[in-house]
Amino acid sequence: MGCGSSLPDRDSRQLGRPSENGGQDAKNLRVKLVLLGDSGVGKSCIVLRFVRGQFDPTSKVTVGASFLSQTIALQDSTTVKFEIWDTAGQERYAALAPLYYRGAAVAVIVYDITSPESFSKAQFWVKELQKHGSPDIVMALVGNKADLLEKREVAVQDGTEYAEKNGMFFIETSAKTADNINELFEEIAKRLPRPAVS
Ligand SMILES: Nc1nc2c(ncn2[C@@H]2O[C@H](COP(=O)(O)OP(=O)(O)OP(=O)(O)O)[C@@H](O)[C@H]2O)c(=O)[nH]1
């Protein structure tokens, strides 16, 4: 289960079913977020860094999917509770992905800046979500492992341009150094549609 392998049972469920959104008001948002991307790009490590502030260099592959939640407070005193579904990137689990992205308000599509194949796979997931995801889904494109600069094979500009063309937010992160991890989730939180106040 990747970087999630060291998580306590209380918060981690393998092969669980996603829950529907709900239980939110204008000041306390609750959003379902799904992470998609090739195996090994660092999805589990991004979640572990965001939720626990940890990094596991011996991270193992995710089986099925795992679930974690984390709440952040924004400057306008809004809180956002992210219900995070970290999907398995291995091809054998691809058919399960719709279970996790269906009804998701946010999709974070991750590639590894040292792997052009993972960038192609990210584009596959963007197209899949454009066809089958919620029409108003907020999508973020993430180039992870930004600490491996000397091994970079995907230019920043390629990520930026692809994201712009597809109406996505783009950021490069490092789960290893924590660079831009909190910023990723804060930026997503700012872009969420706010529920109408009655
Ligand atoms: N240098 C570097 N290594 C990273 C980073 N993020 C993850 N890794 C390493 O990349 C490998 C895969 O990370 P995971 O988080 O398990 O990858 P995943 O995308 O969840 O993979 P699946 O579970 O198979 O879908 C592990 O060895 C991590 O230690 C990063 O930002 N920098």
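Relevant structure appears above.
Rules used in this analysis
- Residues numbered from 1 in each chain as written.
- Predicted model: local features only at pLDDT ≥ 70, side-chain atom pairs only at ≥ 80, totals over all residues.
- Heavy atoms only, no water.
- Phe/Tyr/Trp six-rings, centres within 6.5 Å; stacked < 30°, edge-to-face > 60°.
- Buried < 20%, exposed > 50% of the residue type's maximum accessible area, 1.4 Å probe, protein only.
- 1 Å grid on protein atoms, 1.4 Å probe; cavity = no way out; pocket = protein on both sides within 12 Å on 5 of 7 lines; lining within 4 Å.
- Points joined across faces, edges and corners; volume = space filled by probe spheres on them.
- Helix = DSSP H or I, 4+ residues; strand = E, 2+ residues; numbered from the N terminus.
- Nonpolar A, V, L, I, M, F, W, Y, C, P; charged D, E, K, R; others polar.

**Q** So what exactly am I meant to see when it comes to the packing of aromatic side chains here?
**A** The way to describe two aromatic rings as a pair is by their centre distance and the angle between their planes. Applying the stated rule across the entire model yields eight aromatic pairs. Measuring from ring centre to ring centre gives 5.0 Å for F124 and W125, while their planes differ by 70 degrees; the resulting arrangement is edge-to-face. Judged by its relative accessible area of 6%, W125 falls in the buried class. Taken together, the ring pairs in this structure connect F50, F82 and F185 into an aromatic cluster.

**Q** When you look at empty space enclosed by the protein in this model, what are you seeing that I'm missing?
**A** Any empty space left between atoms is shown by rolling a water-sized probe over those atoms. Following the criterion strictly, the structure yields one cavity of 30 Å³ or more and no others. Here the largest cavity defines a volume of roughly 80 Å³. Around the largest cavity, the lining comprises 15 residues; the ones closest to its centre are A88, Y93, A94, A97 and W125. Among the secondary structure elements, those contributing two or more residues to the lining of the largest cavity are β1 (28-37), α2 (97-101) and α3 (116-132). Its residues placed into classes, the lining of the largest cavity shows eight nonpolar, five polar and two charged.

Note that all results are geometric; they support no functional claim without further evidence.
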